[in-house]
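These are the residues of each chain, in order.
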Amino acid sequence: MTGRYPIHTGLQHEVVHPTSPFGLPLDFQTLPEQLKKVGYATHLVGKWHLGFYKWPYVPTNRGFDSAYGFWDGAEDHYDHTRDKVVDFRNGTEPVLDLNGKYATFEYVKRIEEILDQHDPKQPLFLYMAFQNVHNPIQAPDQYVDKFSFIHQKMRRVHAGMVAVLDEAVGNITKMFKKKGLWENTLTVFSTDNGGEPTYGGYNWPLRGTKHTLWEGGVRGAAFVHGKMLEKTGVKCEGLLHISDFFPTLINLAGGSNDAKHPIPIDGFDVWSTLSRGEASPRTEILLNIDNPPSGTSKMLGVNWQGMALRKGSMKLLMNVKNITWFKPPELGGVPVDVLLSKGFLKDETNEEILEQLRIYYMGNADLLDVVLYNITADPEERHDLSTELPDVLKEMKDRMNYYLNTAVPAAYKPADPNALKEARKHGIWGPWM
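Scoring rules and cut-offs
Residues numbered from 1 in each chain as written. Predicted model: local features only at pLDDT ≥ 70, side-chain atom pairs only at ≥ 80, totals over all residues. Heavy atoms only, no water. Helix = DSSP H or I, 4+ residues; strand = E, 2+ residues; numbered from the N terminus. Rg over C-alpha atoms; globule rule 2.2 N^0.38 Å. Contact = heavy atoms within 4.5 Å. Areas by Shrake-Rupley, 256 points an atom, 1.4 Å probe, with all protein chains shown as cover. Lys, Arg positive; Asp, Glu negative; His and termini not counted. Charge placed at Lys NZ, Arg CZ, Asp CG, Glu CD. Salt bridge = Lys/Arg side-chain N within 4 Å of Asp/Glu carboxyl O. Buried < 20%, exposed > 50% of the residue type's maximum accessible area, 1.4 Å probe, protein only. Axes fitted to C-alpha atoms, helices over the stretch in contact; angles between N-to-C directions. Parallel < 35°, antiparallel > 145°, perpendicular 65-115°, else oblique. Nonpolar A, V, L, I, M, F, W, Y, C, P; charged D, E, K, R; others polar. Core = buried A, V, L, I, M, F, W, Y, C linked by side-chain atoms within 4.5 Å. Pairing = 2+ DSSP bridges. 1 Å grid on protein atoms, 1.4 Å probe; cavity = no way out; pocket = protein on both sides within 12 Å on 5 of 7 lines; lining within 4 Å. Points joined across faces, edges and corners; volume = space filled by probe spheres on them. Phe/Tyr/Trp six-rings, centres within 6.5 Å; stacked < 30°, edge-to-face > 60°. Lys NZ or Arg CZ within 6 Å of the ring centre and 35° of its normal.

Draft legend 1. Molecular detail of the overall build of the chain. Looking only at helices and strands, one finds 11 helices and 13 strands in the chain. In terms of overall dimensions, the chain is globule-like: its C-alpha atoms have a radius of gyration of 22 Å, near the 22 Å expected for 433 residues. Dimensions of the chain, computed from the C-alpha atoms along their principal axes, are close to 60 × 45 × 45 Å. Residue pairs in contact within the chain that sit at least 24 positions apart in sequence constitute 67% of those at least 6 positions apart. Counting every atom, the chain has about 21,000 Å² of accessible surface; 52% of that belongs to carbon and sulfur. Here the chain contributes 47 positively and 53 negatively charged side chains, and the mean placements of these two sets differ by 2 Å.

Draft legend 2. Examining the pattern of salt bridges more closely. Counting across every chain of the model gives 18 salt bridges. For Arg82, the salt bridge identified is with Asp72, shortest N-O distance 2.2 Å. Here Asp72 lies in the loop between strand 2 (66-70) and strand 3 (81-82) and Arg82 lies in strand 3, a separation of 10 residues in the sequence. The class of Asp72 is buried, set by a relative accessible area of 1%. Glu284 serves as the salt-bridge partner of Arg399, at 2.7 Å between the closest nitrogen and oxygen. Taken together, the positions of Arg399 in helix 10 (residues 390-404) and Glu284 in strand 10 (residues 284-290) put the pair 115 residues apart, joining distant regions of the chain. Of the residues examined, Glu284 reaches a relative accessible area of 6% and is grouped as buried.

Draft legend 3. Expanded view of the packing of helix 2 (residues 103-117) against helix 4 (residues 153-178). Look at helix 2 against helix 4: their axes get within 10 Å of each other, and the N-to-C directions meet at 10 degrees. Taken as axis vectors, helix 2 and helix 4 run roughly parallel relative to one another. Taking contact as the criterion, the partners of Thr104, Phe105, Val108, Ile111, Glu112 and Leu115 in helix 2 are, on helix 4, Val164, Glu167, Ala168, Asn171, Ile172, Met175 and Phe176. Looking at side-chain class alone, the contact of helix 2 with helix 4 contains 9 nonpolar, 2 polar and 2 charged residues.

Draft legend 4. Main features of the nonpolar core. Core analysis: the largest hydrophobic core is formed by 33 residues, its most contacted members being Leu31, Leu35, Leu44, Trp48, Phe52, Phe125 and Trp429. Contributing elements (two or more residues each) for this core: helix 1 (31-36), strand 7 (124-129), helix 6 (245-252), helix 7 (271-276) and helix 11 (417-426). In terms of residue count, helix 6 provides more of this core than any other element does, 4 residues in total. The residues contacting Leu35, other than those within four sequence positions of it, are Tyr40, Phe125, Leu249, Ile250 and Ala253.

Draft legend 5. Structural context of the side chain of Gln12. Looking at the element boundaries, Gln12 is found in the segment before helix 1. Here Gln12 is in contact with Pro6, Ile7, Asn288, Ile289, Asp290, Val408, Pro409 and Ala410, once residues within four sequence places are set aside.

Draft legend 6. Region of interest: unusual backbone geometry. A cis amide bond, omega 15 degrees, links Asn132 with the succeeding residue Val133. Mapped onto the elements, Val133 comes out in the loop between strand 7 and helix 3 (141-144). Here the amide bond leading from Asn135 into Pro136 is cis, since omega sits at 5 degrees, within 30 degrees of zero. With respect to the secondary-structure elements, Pro136 resides in the loop between strand 7 and helix 3. Its identity as a non-glycine residue notwithstanding, His49 has a phi of 65 degrees, on the positive side.

Draft legend 7. How the structure looks around the sheet that holds strand 13 (residues 367-374). Spatial strand order, 10-11-12-13: 4 strands in an open sheet with antiparallel pairing. Pairing within the sheet leaves two strands with one partner each, and these edge strands are strand 10 and strand 13. Averaged over all adjacent pairs, the angle separating strand axes in this sheet is 10 degrees, with direction ignored.

Draft legend 8. View of helix 6. Among the 8 residues in helix 6, 6 count as buried, and that is most of the element. Among the residues making up helix 6, those that are buried are Phe245, Phe246, Pro247, Thr248, Leu249 and Ile250. In the core, the buried residues of helix 6 are packed alongside helix 1, strand 8 (187-190), strand 9 (222-225) and helix 7. Directly after helix 6, the chain includes Gly254, whose backbone phi takes a positive value near 85 degrees.

Draft legend 9. Examining empty space enclosed by the protein more closely. Under the defined criterion, the tally for this structure stands at 1 cavity of 30 Å³ or more. Put simply, the largest cavity is a space of about 80 Å³. Together, 11 residues line the largest cavity, and His211, Thr212, Asn303, Gln305 and Lys321 are the ones closest to its centre. Grouping the amino acids of the lining of the largest cavity by side-chain chemistry returns 6 nonpolar, 4 polar and 1 charged.

Draft legend 10. Up close: the packing of aromatic side chains. According to the stated counting rule, one finds 20 aromatic pairs in the structure shown. Where Phe52 meets Trp71, the ring centres are 5.8 Å apart and the plane angle is 45 degrees; that geometry is what we call tilted. Of this pair, Phe52 sits in the loop between strand 1 (41-47) and strand 2 while Trp71 sits in the loop between strand 2 and strand 3, placing them 19 residues apart in sequence. For the pair Phe52 and Trp71, one class covers both residues: buried. Here Phe52 and Trp432 contribute two aromatic rings whose centre-to-centre distance is 6.3 Å and whose plane-to-plane angle is 80 degrees, an arrangement assigned as edge-to-face. Residue Phe52 is located in the loop between strand 1 and strand 2, and its partner Trp432 is located in the segment after helix 11; the two are separated by 380 residues in the primary sequence. In this structure an aromatic cluster arises from ring pairing among Phe52, Tyr53, Trp55, Tyr57, Trp71 and Trp432. Directly above the ring of Trp214 sits Arg207, whose terminal nitrogen or CZ lies 3.9 Å from the centroid.

Following this line, the structure appears as structure tokens:
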């Protein structure tokens, strides 16, 4: 939404929870705000998750003409609640009459409404932020039943959620074709982070999970499709980061980032890389810097990720939890949710993975001070090169220090109890300050 790294927006630590009294700072111009300047209609369907504790932070005040969906990061797919309070809106109006309808189906219906009402002469920016396959892991029986050959229930339902997502993308594509918009549409599809084994999402053979800076947490799959691409069917081997879509899409739309903000954009215009297969202008990616504030001890119950930087093929990680590789049950791995249901009871046949689960999910992992990997040669992050390549290590640490000096303080604040009180009072999550 801003083209900046999290350390430059203050969102480097923790996500914005429904009770969080902070959000994406208002002084940043968002992608839809920039596209509106060059005449685009802008619509959000699905997930916002950038804060709503005050009205200026909600999506229709951040550049979207309309926003249909939920403002937090996770909710029940059927009753649309978080902590037993509804989180679903059409614009700023509560939506309380879905009566148990599965959210993704309602998102697709909303997109059909948007396209029916849209003037094809006006350019369109549609941000479809799917909730699938985010927890809670839920899917209609007819989709889950397709995967009866998957023995483990969590994985079976997870697969059903993927099937719903796949069908939704297909139906949206058909709608664009029916409206005569598809030939002139650029489609960007991207994951946001790695899977979480607790909810049936595995990243094998990559190391780590969602919430971590290991490759299993940060390496995402994505594709771009459209007639305006000069080359198609091409796999990009260069470095790309989600922040790159901000300048790329704005420039492609004929706009310019004219916001007079003291923090420059971290993203690159990568259209020549995507369209023509040219080398990426990006040579490094700051994955995150998330350390406790200087002079303070680790806050109880708060998960600090540590630091990670990718430069060329090399990747530096500092102060990160020592997380293992989680193998999916179909390949002989132990289902994480089954182990969790046992309350971490000792099982001698699975002691190694149980110990890793205690470490990761109990929040008391031993920290690795410094590790270095060649991701091109070792994408599974198994061979630490920090002692073998001291010059490379120094260069990477120097670059990390550069970013440390540019970081703004984290906006994170503990939960405000008034948020839930107001939500329960009104029967809907929303601004309370």
